[in-house]
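# Examining the three-dimensional arrangement
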Amino acid sequence: MRRGTRTLVYISVLTAQAMVLNWVEGLIPMPLPVPGARLGLANIVTLVAAYTLPWPAVLLVVAARTILGAFLFSGLSTLLYSLSAGLVSAGAMLLTRRVLRGGGAQILAVSLIGAIVHNLTQLTVAALVLENIRVFWAYLPWLMLLAIPAGLFVGGVGRLLLKYVNKLHLRVY
Amino acid sequence: MAIGKSTKIILIITALAVLGAALILLWRPSAGEAKEVLVTVDGEAYGRYPLDIDRDFTVETPWGYNQVIIHDGQAEVHEADCPNQICVNTASASEIGDMIVCLPHRLVVEIVPEDSP
């Protein structure tokens, strides 16, 4: 396959995987103090993308999965939140990856920062849309606390997965 | 054992988040006597209702409806036609600061002290 085709296929596979993960996650009930809080399984894909693709392609995967996911599953009403949070957190992950020196825990840190920034962005956009600052303070502590196990879990899965993805020698750059 | 930079960042973020969350959760206004249910739609006040008087009403927003029930000192969104049903699944609100949010309908139901702005 030509390199361009290979990259396109890889991006498409990642997008499809993220959408399926997002959908599957919606089927698992989460008894949490914050209804609607999620593990963020689709971030596994963002993480893998951040480690295997150049940054514009990473943002493309995130934008494609949130927009397509909104049309297929979640509806357009929440697209604003998922799209903004997805893009900003992917940006934060890419930046962290670049700034932070390597080491075994790097991917965990990248994922954790991604989770925290995702929740912060979503909450900020929600408070702005609702024009209600009390919403921000009421949900902030829970969303920060929940971002830690979620981010570390996603980071752990991403690290395992990348071990195998790297063996494929994709050369999609 | 040397601790890597990434590990340090993870530990610092975790500590900050736990500490910050604990502070915010502890720094809650003390429970006043009279509580009211404030309903806002798209940032505009829709109505205020005393929490101690039972009531059952439907809020019509430009995006859909939410049926709010106030009973036994608790407020809940009983039914709504929003796609994610998060408001319906949120636990009843009874203490000052408790909230129920329906993002698709831009609706907030919250418990506030009486006479608060």
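None of the values given here were measured: they were computed from a predicted structure. (Residues numbered from 1 in each chain as written. Chains lettered and ligands numbered in written order. Predicted model: local features only at pLDDT ≥ 70, side-chain atom pairs only at ≥ 80, totals over all residues. Heavy atoms only, no water.)

## Observations regarding the overall build of chain B
Of the regular secondary structure elements, chain B holds two helices and seven strands. Secondary structure elements of chain B, listed N to C terminal, follow the sequence α-β-β-β-β-β-α-β-β. For 117 residues, the compact-globule estimate of 2.2 N^0.38 gives 13 Å, and the C-alpha radius of gyration of chain B, at 19 Å, exceeds that figure by more than 25%. Counting only C-alpha atoms, chain B reaches 60 × 35 × 25 Å along its principal axes. Across the 117 residues that make up chain B, the buried fraction comes to 39%. A sequence separation of at least 24 residues applies to 35% of the contacts in chain B between residues at least 6 apart. When the accessible surface of chain B is summed, it comes to about 6,500 Å², and 58% of that surface belongs to carbon and sulfur atoms. When the 7 positive and 17 negative side-chain charges of chain B are each reduced to one mean point, those points stand 18 Å apart. (Helix = DSSP H or I, 4+ residues; strand = E, 2+ residues; numbered from the N terminus. Rg over C-alpha atoms; globule rule 2.2 N^0.38 Å. Buried < 20%, exposed > 50% of the residue type's maximum accessible area, 1.4 Å probe, protein only. Contact = heavy atoms within 4.5 Å. Areas by Shrake-Rupley, 256 points an atom, 1.4 Å probe, with all protein chains shown as cover. Lys, Arg positive; Asp, Glu negative; His and termini not counted. Charge placed at Lys NZ, Arg CZ, Asp CG, Glu CD.)

## Some remarks on the interface of chain B and chain A
Chain B puts 30 residues into the contact, and the matching count from chain A is 33 residues. Interface of chain B and chain A: buried area, both sides summed, is about 2,500 Å²; carbon and sulfur atoms make up 76% of it. Its largest share of buried area at the contact with chain A, chain B owes to Ser 6, Ile 10 and Leu 103 of chain B, together 20% of the area lost on that side. Taken together, the connections running from chain B to chain A amount to one salt bridge. A salt bridge links Glu 110 of chain B to Arg 134 of chain A; the shortest N-O distance between them is 2.7 Å. Remark: the boundary between chain B and chain A carries three residue pairs in polar contact (both at pLDDT 80 or more). Elements with a contribution of two residues or more to the side of chain B that touches chain A: α1 (5–26), β1 (35–41), α2 (86–89), β6 (99–102) and β7 (107–113) of chain B. Split by residue class, the side of chain B that touches chain A holds 17 nonpolar, nine polar and four charged. (Buried area = accessible area lost by both parts, 1.4 Å probe. Salt bridge = Lys/Arg side-chain N within 4 Å of Asp/Glu carboxyl O. Polar contact = N/O pair within 3.5 Å; in protein donor to acceptor, adjacent residues only side chain to side chain. Nonpolar A, V, L, I, M, F, W, Y, C, P; charged D, E, K, R; others polar.)

## Overview of unusual backbone geometry
Located in the positive-phi region is Glu 131 of chain A, a residue other than glycine, with phi close to 50°. You can see Glu 131 of chain A is positioned in the loop between α5 (106–130) and α6 (133–167). Overall, the relative accessible area of 54% leaves Glu 131 of chain A in the exposed class. In this structure, Gln 85 of chain B is a non-glycine residue whose phi angle is positive, near 60°. With respect to the helices and strands, the residue Gln 85 of chain B is situated in the loop between β5 (74–80) and α2.

## Examining the sheet that holds β6 of chain B
Spatially, four strands are ordered β2-β1-β7-β6 (chain B) in an open sheet, and the strand pairing comes out antiparallel. The outermost strands of the open sheet, each flanked by one partner alone, are β2 (44–50) and β6 of chain B. Going across the sheet, the axis of each strand differs from the next one's by a mean of 20°, ignoring polarity. Of the strand pairs in this sheet, β1 of chain B and β2 of chain B are connected by six bridges, and their pairing is antiparallel. The residue bridging Val 41 of chain B from the neighbouring strand is Glu 44 of chain B, located in β2 of chain B. Running at roughly 110° to β6 of chain B, α6 of chain A makes contact with β1, β6 and β7 of chain B of the sheet. (Pairing = 2+ DSSP bridges. Axes fitted to C-alpha atoms, helices over the stretch in contact; angles between N-to-C directions.)

## Looking at the pairing of β6 of chain B
Along a regular strand, successive side chains alternate from one face of the sheet to the other. Residues Met 99 and Val 101 of chain B line one face of β6 of chain B and the alternating positions Ile 100 and Cys 102 of chain B line the opposite face, and both faces are buried. The turn joining β6 of chain B and β7 of chain B, which pair antiparallel and follow one another in sequence, is formed by four residues; a positive phi near 50° is taken by Arg 106 of chain B.

## A closer look at the pairing of β1 of chain B
All names here are of chain B. Summarising burial for β1: six of the seven residues are buried, a large majority. Where β1 lies against β7, seven bridges are found, and the strand directions are antiparallel. Across the sheet, the residue bridging to Thr 40 is Val 108, located in β7. Linking two consecutive strands that pair antiparallel, namely β1 and β2, is a turn of two residues; a positive phi of about 55° is found at Asp 42 within it.

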